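# Coordinate analysis (summary)
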Amino acid sequence: MLNWKVILKIISVIVFIVGISMVPSWLVALKNDSFWVQKALLQSALISLTLGGAGMLYFKKTSGNLLLRDGYFVVAMSWIVASIFGALPYWLSADLAHPIDAFFESVAGFTTTGSTVRNVDLMPRGLLLWKATSNWLGGMGILVFAISILPALGINGQAIVRAEAPGPTFEKMTARLSASTKILYGTYISFTLAEFCLLYFFTDMGAFDSIVNTFGSVSTGGLFAHRQGLAFYDSVYIEAVIASFCYLSSVSFLLYFLLLQRKWKEVLGNRELQTFTGIILGTSFLIATNLFLTGTYETWISAFRHGFFQVVSFISTSGYVIADFTKWPYLSQALLFLLLFIGGCASSTAGSMKVIRIIISFKIMARMFFKRLHPSGIIAVKVGQKPIPADTVSKITSFMMLYFMVYIVSLILLSLQNLDFETTMGVAAGCLSNTGLGFGEMGATGNYSMFSPGLRLYLCAMMLMGRLELFTIFLLFTPTFWRNT
Amino acid sequence: MGFNHYTILQMLGKVLLITGAATSIPILVAWIYGEEELYSAFYLTAIPAVILGLLLIIGVPPSTKAIRIRDGFLVVALVWILITFIGSIPFFLGTHMNFADAFFEMASGFSTTGASILTDIEALPYSILFWRSFTHWLGGLGIVIFAIALMPHLNIGGYNIMRAETPGPIYDKINPKFKGQSRILFLIYMILTLSETLLLKLGGLSWFDALIHTFGTVATGGFSNYNDSLGHFQSTYVTLVVTLFMVMSALNFTLYYASMKKGLEGFLKDTEFKFYMIVIVSCTLLIALDLFRMGYFSHGIALRESAFQVASIITTTGYATTNYDLWPTFSKALLFGLMLIGGCSGSTGGGIKAIRALIVIRFIRRGIITRLHPNAVCTVRLGEKSISGDVITSVASFSLLYITTVLVSGLIVSADGHDLVTSFTAALACVGNIGPGFSGVGPVMNYSIFSNPIKVFLGFLMLAGRLELFTLFMLFTPRFWNRDR
Amino acid sequence: MKIAIAGAGKLGMKVAEALLGGDHSVTVIDKDEEILAKLSSQMDIMTVNANAKQKSVLEDIKISSYDYLLATTDKDEKNIIIASIAKKMGCPMVIARVRGPEHMNQFDFIKDSFNIDSIVNPDLAISLEIYKYLVEKYTLSNGIFTSGKIAIIEMAAYKMPSLIGVQMVNMNRHLKNMLVIGISRNGKVIIPHGDAVIQEEDFLYVVGEKTPIMELDSKVHLKGKYTDLQRVMIIGGGKTGLYLAQKLSEFGIAVKIVEVSKERCHYLATHLDDVMVLHGDGTDMGLLESENLDEMDAFVTTTGYDEENLLLALMAKQRGIEDVIAKISRESYSGLIEKMGVDMVLNPLNITASNILRFVQGSKRILSSQLIQGQAEIMEIIAGHHMAILDTPLKELNLPDGTIIAAIHRGTNIIIPNGETKIIEGDRVLIMCLLSELSTLEKLMRSTTHLGIFG
C-alpha cells in the first residue's frame, strides 16, 4: 500500500513552500491593491503556512523510503494540492468567484501554461504577482525544489524523480540526488536574477513588470503583464531578452552543468541542442519569408523579428505573443501549430514532447525503412554516438503514442463546447503542451472563459498531464495503480 | 543499381496490358449512351498501352535471377504510378481537364480515395464517369494481384511483391498457396459487387447509378456521379444498403473465407472485428445523440445519418448524405477521430488500419503498466495470440510515420494558402484514402481549390497512403538506391 | 633464455614450439593437468600445474630467474595481473595477451600502469593484416631498411614481361644486382629457390641496393597503390570481424557483417558506425545473396570455426569474388587450402607468435622486421659471434626451404648474396622467412656455444 505518512509529510512541505511564496505577493498587494485582495493573500498564506507547518511538525519523526508507486502518487497529489492552495488567493479575494475558475488560474500558473480566464489588465497586482510566482515555482518543478531538502527531512526521494522528470531520462549530474537538484535550482535562480537585471536596469518597464516577465520567461510560462502581450512594449531589446531566456530555459539544464566544467565540445556537440536550435532558425526563416512575401510585414527584418520571437515562444512552450498570429498567412500558422508538438529539450522547463523524443522518433522511422530493405539487419538507435537502450526506445514510443491519443481524445471532449474545429484543435494542443496559446477563436489574446466550468476542469487535467509527462496523472486513473498486487 | 530489370519490365508490361485492356471497357458504355466522340479518348489510351505491354512481355527475356525485396518495392511503386498515368489519359483527352487535374482524379480513383477536383460532376459524359468509378473498383483489388495471378512461376517473387503490396500488418495469416489466396479475394470481391448492384437496382436506381455506387462502395472509394453524392437519392433504403456494404467491404476479407468454414464464429473470434464493431456502434450512438440534442434531426433520422457517416468515414469510403461540416463540433471531432483509424486489415479500406490502432492502444496500456512495475514482463495480446516485439515495433513506427506524414503534408498544403483545418484534414483525407475532410475540403466542397502542384502532391500522397507509406517513400531514400549501405 | 608461459592455449603452445627451436628453455604453467601431461610428452618443456595468478606459484618457479614471461590465459584481466605480478617479482620482461576491444585504445595506458612490456592482440593483428592486404594490396609502403641502403619492392610480374618464364638461377641476367626473395602466387607466399619459374600472375619481392631498386620501381610501379575496394562482406562478428569492420569502414568502405548471435549483433550495431550488421547464419545463401553477395569486392570469413571459414571462403571464390580471405587457426588445413584457390589464408596464431618472438629476440639481434602478407617475415639481424650461419658458404648452409638470405650489409657495402657468399661476424643480414618456419630460423640464429659439448 501507499506510504501515507511519508506522502503526507512531503505534501505538507509543499504546502508550506506555497505558503511562503505567497508572502511577497501579499506585500505587493499591501501597496497596490484593495483590502480584499490583501486579506485574501494574507489568509491564503496563513492557511498554507499553518496547515503545511502543522503537517511538517506532526510527521516530523517520519522518515523512510518512497516506493515507485508512492513516488507517482506524491507527485500527482503535490501538484493538485499545490494548485488548490494556490487557488485560494483568487477565490478568497472574490476576484474569481467560481472555485473552478480559481483552480484553473492556479493550475495554469503552476503548470507554466499561462492561460487565463480573465483580462490580465484588470487583475490586481498582488494576484498577478502570485500567478507569476506560481509560474516560477512550477517551472523547475516544485518537487525538484523539495528534493533538494528531502534528505534533511529524512526521506529518500529517488522515486519522485521518475515521476516528475521532464524528459525520458533523468541524468544525474552528481551522485546525490539532492546535490543534482540543488545545481538545477542554482542555475534556475541565476537565470532569474540575470534576466531581472537585464530588464529592470535597461528598460523602463519598472520592477513589477520586470519580475512578472522574468518569472514568466525563465519558467517558460508566458504570463502576460498586459493584455496585448509583448506587443505592448514594442521593443526589440525586450523581445530579445525574453526570447533569449525562453531559449535558455528550454535547453537542457544538464548542459549548463557541463559548461561549468568547461566541457565546451560536449555541449556544442549535443544533438538535441543542435536540433533544437536548427528547428528554431529554420522555422523562423520560413515564417519570416512567408510573412514578407505575403506582405504581412514590410521588411524581411521586421518579418524575421516577429517570426523569430513567435517561434521561440511556441517551441519553448512559453506562450508569449508579439502579434496576432491568427491573422498571419496559413503556412506560418501551420508551422507554429506543429511547433506545439515538438516543445523544448529534455530536462528543461519547457513542455510538450521534447526534442529528444522527436529525434528518436525519426530514428525509429528510419530504422523501419532500413528493416524493410534488410530484414536481417540489426540497427542500433543512436543519438550522436550514444546508443539508446531498447527499453528507453520503447518508453519513448509509448509516450508519443499516448500523447497523440490524449490529444485526440481531448479534442473530442473539448468539442462538446461546440466552438469551431480550428479553435478546439488549437486549445487542445496549447494546453497539453503547456503553452497557453490557441488558434481560431482563442486567438492570440483570447481567454478560456469561453469554456464551460466542467470543460475547464478537464483543461486543468490536461495541463497537469502535460506538465507531468502524461503518465503520472494517467496512472492515478488506472485500476492497476490501486490494485495491491 | 542492381535491380532485376527484366522482371520489372516484364511486370510493367503485364500491367500495361491489363490497364490498356481495362481502358477499353468504357468504350462499351460510350456506345450504350451514344457518346461516339469519346471513343477516341479511350482507344487512344488502350491501344498504345496494350501494344507497349505486349512488346515488353514478348521482347524482354525472362530473367533467371530471383526477384528481391528492392525489386518488389520498385515494381509496386512504379506500377501504381504507371497505371495512374495511363488512367489519366482518357480524362485528359476526353474532357477539358489539365493533366494535374486528371492525375489527381485518377490517383484518387485507383487509390480508392474519392477526393475530386470536379466542380460539376454531373456535367461529365457517362463513359468518363464510368471510367472514373471503374478505377475505384480496379484499384480496390490492386492491379498487382491480377498480375500475380497471371504469373505462376514467381514463387519467391510472389511473396516479395506481396510484402510490398498487401495492406495490413504482418500478422495476417498468409495462405501458403498464395495464388489461391488472391483467387479467393477476387471471388469475395465479385460477390460483394454483384449483390450490392442488385440490391441497389431493387432500390430504384438505374443500372448505371447502381454500378457506379457499387464501385465506390465495394472499393471503399467514394466517387459518385452526382454532385451531392448519396444525398441525391434521398432514400433510407439506399442509405442503409450502402452503409451495410461499406462496412462489409472494410472488414478483413480473410474472415469471409474463414466464415465459409466456421460460420459466424470466424468473425466473432476476431479481435479486430470486435473492436471495429464496438467503435462503429458507439460512435454512431454518440453522434446520433449529439445531432438529436443539438436539434439537427429527429431521432430516427439522426441515427440513420449518423450510422451512414460513421461508416463512410471509418471505412474510408467518403460518401456523404448531408453536409457534415455543418454538424456540431463534437460530432465532427468524433468523425475526425474515426479518420485516423481506417478500415480493417486485409480489406480495401485505408488509414492506419483498425488492427494497428488496437495494437497501439494495447501497447500504451503496457507502457503504463511497465512504468509502474518496471520488472514486469507484459505482453501485448490480441485475443489469444501474443504479438511479438518486432510486430509492435513495426506498428509503432508505422503509426509515427503516418502521423508525421499527415502533419508535414498539412504544412505543405497550408503553404498553398489554406486554413489549418482545410490543410490538415485534406492531408489526412488523402493519406488515409478517405476523400472529403472538413472546411475547405468538406463533403460539399472539392479539391479544385488547390493549385496544380499541390494537386499532384496530394495525388502522390493518396498513392503513398494506399501503399502503406513505406513502399512509396522508400523510393526517396538514398538507402533504397544504394545496395551497400 | 628461460621463458615462462602462463596458459597452455593455442597461442602459448605455438610460441613454445618456436622458442624450443631456438633452444630456449620453456616452462608452461596451466591449471589443467591433462593438457600439461599431453604437452610435456610432445615437447621438451617443463610444466607446472598451478594457477599462475598466485604469487606463490611464481615464487616457486623462481620467476626472477627467467628472462621472459608470457601470459596467454583465457582472460585478458588474468593476463594483465599475471604479467604485472611477475614483473614486480623480478621477471625482466613480461608480455600479456589482451583481446578485448574495450582495451584497444588503452594499450599504452595498461602497459604503463601495470608495468607490462608488451601487449599482443591476435585478433587485432590479424585484422590489421587483412586490412593491409585488402586496402594497401601489400605494396611495401616502406621498403627501405635501416641503413637506408637496401630496399625491397613488390612488383607485378606482368609489368616486366621479360621475366615471365625465367628460372630463378637465370634471374641475374635480367635483374642485375638484385635478388627475388619472395613470390606471391595466388595469395600464397613462396620463397623461391634455383628452379622456381616466374609465372604471369606472380607478384615478386625484389631486394637490392637502393638506387637500382628505385630505378626498377619507377619502371614497374603499380599505379594506384590503393585498390578501388568498395564493398566487403565479413562473416563472423567476433573480435576479428569487429576490428576489421571498424578499420574498413573508417576507410570509407561499405561493410556488411553477418553474425549468428542476436545479442552479439546488438553489441556490434552499438559499437560500429556505418557498418551494416546482419543477423543470420553465414551459410544462409539466401541471406547473402539478397545482401548483394555477388557484387562484393572482398569476402572475409572470420567465424570461430575453421571449417566454416574454409567452406564459406571456397563458396565465395566459386561465385567469382575477387578477394577471398579466410581465418584458419589450425595448421593442418593450410596445405589443403592453397590447392583450392582461396586468395589468402591467415592464421592469427602465426602472426601473433611472430610478434612475440620478435619481441623476445630482443633488439640485440633484430634491427627491424616486417610482415609480408601475413605469411612471411623480412628481418634484419646482426650476425653475432658463434652463430651457426657464420663463415660458411650459403649453398652449404642447408638453409630450410622457407628461408632465404636477401642481402648483406657489410661495413658500407651491400652484398647481394649468391651461393658462394659467406656471412661474417658483424654483418647485418636481411633474411626473408616464412612464418611457419620461424622455429627453424631460430636454430640458425642460436649461438654455437649453446651446443657446447654436443658440437
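Structural notes, computed from the coordinates. If you're wondering where the values come from, they're calculated on a predicted model, not measured in any experiment.

Looking only at helices and strands, chain A features 21 helices and five strands. Viewed in the frame of its principal axes, chain A has a C-alpha envelope of about 65 × 55 × 50 Å. The contacts in chain A between residues at least 6 apart in sequence include a share of 72% that link residues at least 24 apart. If you sum the accessible surface of chain A, you get close to 17300 Å²; carbon and sulfur atoms cover 67% of it. A gap of 16 Å separates the mean positions of the 33 positive and 22 negative side-chain charges of chain A.

The buried fraction of helix α15 (residues 330–339) of chain A amounts to nine of the 10 residues, a majority that puts the element mostly inside the structure. Among the residues of α15 of chain A, L331, S332, Q333, A334, L335, L336, F337, L338 and L339 of chain A are the ones counted as buried. In this structure, the buried residues of α15 of chain A make contact with α13 (271–293), α14 (300–315), α17 (390–414) and α18 (421–432) of chain A together with α17 (389–415) and α18 (420–431) of chain B.

Residue and element names in this part refer to chain A. Inspection of the secondary structure puts D33 in the loop between α1 (4–32) and α2 (35–58). Engagement of the side chain of D33 in a polar contact is seen with the backbone nitrogen of R125, the distance being 3.0 Å. When residues no more than four places from it in sequence are discounted, the contact partners of D33 are Q38, P124, R125, G126 and L127.

Before going further, it helps to examine the pairing of strand β4 (residues 68–71) of chain C. Residues and elements named next belong to chain C. Side chains Y68 and L70 of β4 all project onto a buried face; the interleaved residues L69 and A71 project onto the opposite face, where all are buried too. Strand direction decides the pairing type here: strand β1 (residues 2–6) and β4, joined by four bridges, are parallel. Note on β4: the bridge partner recorded for A4 is L69. Strand direction decides the pairing type here: β4 and strand β5 (residues 93–97), joined by four bridges, are parallel. Each bridged residue has a counterpart across the sheet, and for L69 the counterpart in β5 is V94. Once the chain exits β4 it traverses helix α4 (residues 76–88) before rejoining the sheet at β5, and the crossover so formed is right-handed.

Here we come to the sheet that holds strand β14 (residues 298–301) of chain C. A sheet is described by the order of its strands in space; here seven strands give the open sequence β3(A)-β13(C)-β12(C)-β11(C)-β14(C)-β15(C)-β16(C), paired in mixed fashion. Two strands bound the open sheet, and with one partner strand each, they are β3 (377–378) of chain A together with β16 (344–346) of chain C. Strand direction decides the pairing type here: β14 of chain C and strand β15 (residues 323–327) of chain C, joined by four bridges, are parallel. Residue pairing for β15 of chain C: V300 of chain C is matched across the bridge by I325 of chain C. Where helix α9 (residues 239–250) of chain C meets the sheet, it contacts β11 (231–235), β12 (254–259), β13 (275–279), β14 and β15 of chain C, and its direction lies at approximately 165° from that of β12 of chain C. The sheet strands contacting helix α10 (residues 262–271) of chain C are β3 of chain A together with β12 and β13 of chain C, and the helix crosses β13 of chain C at an angle near 170°.

Let us look at the packing of helix α16 (residues 355–373) of chain A against α17 of chain A. All names here are of chain A. For the pair α16 and α17, interaxial distance at closest approach is 10 Å and the crossing angle is 105°. Judged by the angle between their axes, α16 and α17 are roughly perpendicular. Note on element contacts: α17 touches α16 through V393, I396, T397, F399 and M400, opposite R357, I358, I360, S361, I364 and R367. Of the residues in the contact of α16 with α17, the class split is seven nonpolar, two polar and two charged.

Moving on: the environment of L399 of chain C. Within the fold, L399 of chain C resides in the loop between β18 (376–382) and β19 (403–410). Measuring from C-alpha to C-alpha, the distance between L399 of chain C and G237 of chain C comes to 41 Å, with 162 residues separating the pair along the chain.

This next bit is on the interface of chain A and chain B. Contacts between the two partners involve 54 residues from chain A and, on the opposite side, 55 residues from chain B. Summing the contributions of chain A and of chain B, the shared interface buries around 5000 Å²; its carbon and sulfur component is 81%. Linking chain A with chain B are zero salt bridges, by the criterion used here. Here chain A is connected to chain B by three residue pairs in polar contact (both at pLDDT 80 or more). Elements represented by at least two residues in the side of chain A that touches chain B include exactly α3 (68–92), α15, α16, α17, α18, α20 (471–476) and α21 (479–482) of chain A.

Turning to the sheet that holds strand β2 (residues 25–30) of chain C, a few remarks are in order. Where strands meet in a sheet, backbone hydrogen bonds hold them as pairs that are either parallel or antiparallel. Residues and elements named next belong to chain C. One open sheet accounts for six strands, arranged β3-β2-β1-β4-β5-β6; its pairing is parallel. Single-partner strands in this sheet number two, and they are β3 (46–49) and β6 (118–120). Neighbour-to-neighbour, the strand axes of this sheet turn through a mean angle of 20°, independent of strand direction. Lying over the sheet, α4 contacts β1, β4 and β5, oriented at roughly 175° with respect to β5.

All right, on to the pattern of salt bridges then. Going through the model one piece at a time under the given rule, you end up with 25 salt bridges over all chains. When the shortest N-O distance is used, the salt bridge between K332 of chain B and D325 of chain B registers 3.2 Å. E295 of chain C is the salt-bridge partner of R483 of chain B, the closest N and O atoms lying 3.4 Å from each other. Taken together, the residues R483 of chain B in the segment after α21 (478–481) and E295 of chain C in the loop between α11 (285–290) and β14 connect one chain to another. Its relative accessible area of 34% is what places E295 of chain C among the partly exposed residues.

So, on to helix α1 (residues 5–32) of chain B. Across its 28 residues, α1 of chain B extends 42 Å between first and last C-alpha, which sits within 8% of the 40 Å expected from 1.5 Å per residue. Backbone geometry just after α1 of chain B places G34 of chain B at a positive phi near 65°.

Attention now goes to the pairing of β15 of chain C. Residue and element names in this part refer to chain C. When you tally the buried positions in β15, you get five out of five residues, the bulk of the element. The side-chain alternation of β15 yields two buried faces, one formed by D323, I325 and K327 and the other by V324 and A326. In this view, the connection linking β14 to its parallel neighbour β15 by way of helix α12 (residues 306–318) has right-handed handedness. Bridge count for β15 against β16 is three bridges, and the pairing is parallel. Residue A326 lies in a different strand from β16, and its bridge partner there is V345.

Parameters and conventions
Residues numbered from 1 in each chain as written. Chains lettered and ligands numbered in written order. Predicted model: local features only at pLDDT ≥ 70, side-chain atom pairs only at ≥ 80, totals over all residues. Heavy atoms only, no water. Helix = DSSP H or I, 4+ residues; strand = E, 2+ residues; numbered from the N terminus. Contact = heavy atoms within 4.5 Å. Areas by Shrake-Rupley, 256 points an atom, 1.4 Å probe, with all protein chains shown as cover. Lys, Arg positive; Asp, Glu negative; His and termini not counted. Charge placed at Lys NZ, Arg CZ, Asp CG, Glu CD. Buried < 20%, exposed > 50% of the residue type's maximum accessible area, 1.4 Å probe, protein only. Polar contact = N/O pair within 3.5 Å; in protein donor to acceptor, adjacent residues only side chain to side chain. Pairing = 2+ DSSP bridges. Right-handed = clockwise from strand over helix to strand, strands pointing away. Axes fitted to C-alpha atoms, helices over the stretch in contact; angles between N-to-C directions. Parallel < 35°, antiparallel > 145°, perpendicular 65-115°, else oblique. Nonpolar A, V, L, I, M, F, W, Y, C, P; charged D, E, K, R; others polar. Buried area = accessible area lost by both parts, 1.4 Å probe. Salt bridge = Lys/Arg side-chain N within 4 Å of Asp/Glu carboxyl O. Expected span 1.5 Å × (residues − 1).

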